Amino acid sequence: MKEKTDVTGWETAVLSGGPADGLRMKVADRPRVLQLTYPCQLEAAPEGMQVAGVYVYRRDYSVNSEPLQYGFDIASP
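A brief report on the enclosed structure follows. What you are looking at is a predicted structure, and each value in this text was computed from that prediction instead of being measured.

## Things to note about the overall build of the protein chain
Within the protein chain, the regular secondary structure consists of 0 helices and 5 strands. Listing each helix as α and each strand as β along the protein chain from the N terminus yields β-β-β-β-β. Per-residue burial over the protein chain gives 25% buried out of 77 residues. Long-range contacts, defined here as pairs at least 24 residues apart, represent 37% of the contacts in the protein chain between residues at least 6 apart. Here the protein chain displays about 6,000 Å² of accessible surface, and carbon together with sulfur accounts for 51% of that area.

Here it is in structure tokens:
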């Protein structure tokens, strides 16, 4: 089993594919999965109700330096 390398500070990451293709951001501790939410517009919904589309991006473990790469997972959630 490969040991986790301690990462301190923020690292640049880029999303590949899906609705956020090319989006760049800073991440801490190299998360395995990123979840992107996108608000939906509701018609005649009760006050306070919100709906969001959920998109999942998984880290590409072959990339070990910045920018880290996350690929769109069409099968999730």
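## Concerning unusual backbone geometry
A cis amide bond links glutamate 66 to the next residue, proline 67, at an omega of -5°. Looking at the element boundaries, proline 67 is found in the loop between β4 (52-59) and β5 (68-72). Even without a glycine there, the phi angle at aspartate 29 is positive, about 65°. In this structure, aspartate 29 sits in the loop between β2 (24-28) and β3 (33-39).

## Side note on the packing of aromatic side chains
Enumeration over the complete set of coordinates arrives at 2 aromatic pairs. Look at tyrosine 55 and phenylalanine 72: their rings are 6.4 Å apart centre to centre, the planes differ by 45°, and that puts the pair in the tilted class. A residue pair is termed long-range when its members are at least 10 positions apart, and tyrosine 55 in strand β4 and phenylalanine 72 in strand β5 qualify at 17 residues. On the basis of an interplanar angle of 50° and a centroid distance of 5.4 Å, the ring pair of tyrosine 57 and phenylalanine 72 is categorised as tilted.

Thresholds, definitions, all that
- Residues numbered from 1 in each chain as written.
- Predicted model: local features only at pLDDT ≥ 70, side-chain atom pairs only at ≥ 80, totals over all residues.
- Heavy atoms only, no water.
- Helix = DSSP H or I, 4+ residues; strand = E, 2+ residues; numbered from the N terminus.
- Buried < 20%, exposed > 50% of the residue type's maximum accessible area, 1.4 Å probe, protein only.
- Contact = heavy atoms within 4.5 Å.
- Areas by Shrake-Rupley, 256 points an atom, 1.4 Å probe, with all protein chains shown as cover.
- Phe/Tyr/Trp six-rings, centres within 6.5 Å; stacked < 30°, edge-to-face > 60°.

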